[in-house]
Amino acid sequence: MNGAPPMAKTGKNIPGNSPVFGLLLDKELIEELANLEHRQWVHWSKKIAEAENISDPRLKRWKETWATVYDDLSEQAKTEDKFWAIEAIKIVINHFQKHIEGDRIKWV
């Protein structure tokens, strides 16, 4: 990969000329949301590890990941977090698409 986020299908017919389509191209936003995704996973996985019987190999892997900040993750792990960041952005875009008339947003 050349550093670009994984731009999988945008889903739900998001037109490229949409006023909010640029969110999918905003690398800084994608990185911030991917960082958040990593922190959410750490929080979730710690709760699971406390409540469930996790295998020793898995717990070891998880503990290593818990100790790793987003910027220090492998490129593969970052790409996985970016995938979920983009999925979140697509939800926001699809929501706003329902409220856009021309170049104006209909506030509800």
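Overview of the structure.

Overview of the environment of Glu87
Note that Glu87 resides in helix H3 (residues 75-97). Sequence separation between Glu87 and Leu24 is 63 residues, and the spatial gap between their C-alpha atoms is 9.5 Å. In this structure the side chain of Glu87 is engaged in a polar contact, spanning 2.7 Å, whose partner is the side chain of Lys90.

Side note on the packing of helix H1 (residues 27-51) against helix H2 (residues 56-66)
Following both chains from N to C, one finds H1 and H2 inclined at 140°, their axes separated by 10 Å at the closest point. In terms of crossing hand, the pair formed by H1 and H2 is left-handed. When H1 is examined against H2, the residues His38, Trp41, Val42, Trp44, Ser45, Lys46, Ile48 and Ala49 are found in contact with a partner set consisting of Leu59, Trp62, Thr65 and Trp66.

Comments concerning the layout of surface pockets
Approximately 330 Å³ is the volume attributed to the largest pocket. Counting residues per element, the ones that place at least two in the lining of the largest pocket are H1, H2 and H3.

A few points about the packing of H1 against H3
Interhelical geometry of H1 versus H3 gives an angle of 110° and a closest axis separation of 8 Å. As summarised for this structure, H1 and H3 are arranged roughly perpendicular, according to the angle between their axes. Of the two possible hands of crossing, H1 and H3 adopt the one that is right-handed. Seen from H1, the contacting residues are Leu29, Ile30, Glu31, Leu33, Ala34, Glu37 and His38; seen from H3, they are Asp81, Lys82, Trp84, Ala85, Ile86 and Ile89.

Re H3
Between the first and last C-alpha of H3 there are 32 Å, a value that for 23 residues agrees with the 33 Å anticipated at 1.5 Å per step. Along H3, the residues classified as buried are Ala77, Lys78, Asp81, Lys82, Ala85, Ile86, Ile89, Lys90, Ile93 and Asn94. Buried residues belonging to H3 abut H1.

Reading the values: rules and limits
- Residues numbered from 1 in each chain as written.
- Predicted model: local features only at pLDDT ≥ 70, side-chain atom pairs only at ≥ 80, totals over all residues.
- Heavy atoms only, no water.
- Helix = DSSP H or I, 4+ residues; strand = E, 2+ residues; numbered from the N terminus.
- Polar contact = N/O pair within 3.5 Å; in protein donor to acceptor, adjacent residues only side chain to side chain.
- Axes fitted to C-alpha atoms, helices over the stretch in contact; angles between N-to-C directions.
- Left-handed = near helix turned anticlockwise from the far one by under 90°.
- Contact = heavy atoms within 4.5 Å.
- 1 Å grid on protein atoms, 1.4 Å probe; cavity = no way out; pocket = protein on both sides within 12 Å on 5 of 7 lines; lining within 4 Å.
- Points joined across faces, edges and corners; volume = space filled by probe spheres on them.
- Parallel < 35°, antiparallel > 145°, perpendicular 65-115°, else oblique.
- Expected span 1.5 Å × (residues − 1).
- Buried < 20%, exposed > 50% of the residue type's maximum accessible area, 1.4 Å probe, protein only.

Read these as layout, nothing more, since geometry by itself doesn't imply function.
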